[in-house]
Amino acid sequence: MTAFASDTTETTPRPEHDHGLTGLVADIGGTHARFALTTPDDARIRAVATFEVDRHRDLAAATGAYLEVTGAHPTTMMVAVATPVIGDRVRLTNHKWSFSIDETRRRLDLESLDVINDFVAQAAAVASLHGDDDHETLHEAHGEPDAPRVVIGPGTGLGVAGLLRLGADRWLPVATEGGHRDAAASTEREWRVITELGRHFDHVSCERLLSGPGLVHIYRALHTLDDAGDVPTSMSPREIAPAAQAGDRHAAETLEIFAGQLGAVAGDLALSWGARGGVWLTGGVIAGLGDAFDREIFRQRYLAKGRFHDYVAAIPVRRVRHPHAGLLGAARLLMQTSPRHGDHT
């Protein structure tokens, strides 16, 4: 499944065995809303379904649609959303959805509803990903297992979170809005692209380049800089990689700039977090690009930290392969808040 393919389903099979499935988890982005059922006893997820947020009025409506097709009757819910969570009113950063946590809890007849930043869930998932099937190594290094980790993921936006070890099997995910730090250039071409984007945006953040929409922003900027004609207004992120493969030089350069920028930002985060436990990449864009994501350019820029080359070289970089990491992380956090488990992770 890719970020750009039509992976949406509005139906999901009813769980064959729904005994104990009293927990509901959701991962809400600017494009997709993903749901699954879980139990207070483990972090396994069942009956996963993906919905388009554009097809539903708000969180309660999308959740209601999921519950209708599953026939489930959960009592608790953990929701990861792509926006800062401050107070009762939640507004998605890259979509028009806005909702009250308390009102949504009452509409869904839940005993409890917790809402967290989506990358808190991504970071929580990282703590339990160990097998090769769950991740791909982009830069091999031993690292320090007890040291902080950092998670970065380009999707509809750019998410960033930290992960701190508190004990033998206890981790604390830390929400940030690091994707909105200023974009920085390492080459003259990148500087020109960022300057061109500055003509259209009040603030050129990393997210303006490192996201699905960011791919199109870079492509349009390159066209403008080279006076190569107008880019179709319907140009979408999923068209960039095929265009590059077909010989479009601006699409190919877009992918190079994207990989280089992501590598540079990943290295910056490794330094600023002291993330000697590892850097983890997630988000739908890299999965959607597949082999078109230039891993070598990424790695070169990740390591290009001058006197601190050896510092970042000792930090492993892995890409999350788990198809539903956000749901997995939300399930782990829901389990932690269960009265039967207390603060156990």
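Residues numbered from 1 in each chain as written. Predicted model: local features only at pLDDT ≥ 70, side-chain atom pairs only at ≥ 80, totals over all residues. Heavy atoms only, no water.

Further remarks concern the overall build of the protein. In terms of regular secondary structure, the protein is built from 11 helices and 13 strands. For 345 residues, the compact-globule estimate of 2.2 N^0.38 gives 20 Å, and the C-alpha radius of gyration of the protein, at 20 Å, lies within 12% of that figure. In terms of overall dimensions, the protein has a C-alpha envelope of 60 × 45 × 35 Å along the principal axes. Here the protein holds 345 residues, and 54% of them are scored as buried. Contacts spanning at least 24 positions in sequence make up 69% of the contacts within the protein whose residues lie at least 6 apart. (Helix = DSSP H or I, 4+ residues; strand = E, 2+ residues; numbered from the N terminus. Rg over C-alpha atoms; globule rule 2.2 N^0.38 Å. Buried < 20%, exposed > 50% of the residue type's maximum accessible area, 1.4 Å probe, protein only. Contact = heavy atoms within 4.5 Å.)

All right, on to helix α1 (residues 59-70) then. Over its 12 residues, α1 runs 17 Å from end to end, which matches the ideal 16 Å to within 8%, given 1.5 Å per residue. Along α1, the residues that are buried comprise Leu59, Ala60, Ala62, Thr63, Ala65, Tyr66, Leu67 and Thr70. At the N-terminal end of α1, a side-chain oxygen is found 3.3 Å from the backbone nitrogen of Ala60, two or three residues along, and the residue is Asp58. Looking one or two residues beyond α1, the residue adopting positive phi is Gly71, at roughly 75°. (Expected span 1.5 Å × (residues − 1). Polar contact = N/O pair within 3.5 Å; in protein donor to acceptor, adjacent residues only side chain to side chain.)

Moving on to the sheet that holds strand β11 (residues 170-175). Taken in spatial order, the 6 strands make up an open sheet running β8-β13-β12-β9-β10-β11, and their pairing is mixed. Strand pairing shows two members of the sheet lacking a second neighbour, β8 (135-139) and β11, which therefore form its edges. For this sheet, the mean inter-axis angle between neighbouring strands, taken without regard to orientation, is 25°. Both strand β12 (residues 278-281) and strand β13 (residues 317-320) contribute to a ladder of 3 bridges, which runs parallel. In the strand pairing of β13, Val279 is matched with Val317. Seen against the sheet, helix α3 (residues 118-126) touches β9 (149-154), β10 (158-167), β11, β12 and β13 and runs at an angle of roughly 45° to β10. Sheet contacts for helix α9 (residues 295-303): β8, β12 and β13; angle to β8, the most-contacted strand, approximately 55°. (Pairing = 2+ DSSP bridges. Axes fitted to C-alpha atoms, helices over the stretch in contact; angles between N-to-C directions.)

We now examine the packing of aromatic side chains. Taken as a whole and assessed by the stated rule, the structure comprises 7 aromatic pairs. For the pair Phe35 and Tyr66, a centre-to-centre distance of 5.3 Å together with 20° between the ring planes defines the contact as stacked. You can see Phe35 sitting in strand β2 (residues 32-39) and its partner Tyr66 sitting in helix α1, a full 31 residues away along the chain. A relative accessible area of 0% places Phe35 in the buried class. Given the relative accessible area of 0%, Tyr66 is considered buried. The structure contains a cluster of three or more aromatic residues connected by ring pairs, namely Phe258, Phe293, Phe298 and Tyr302. A cation over an aromatic ring shows up here: Arg276 above the ring of Tyr311, its NZ or CZ 4.8 Å from the ring centre. (Phe/Tyr/Trp six-rings, centres within 6.5 Å; stacked < 30°, edge-to-face > 60°. Lys NZ or Arg CZ within 6 Å of the ring centre and 35° of its normal.)

Take it as geometry only, folks, not as evidence of what the structure does.
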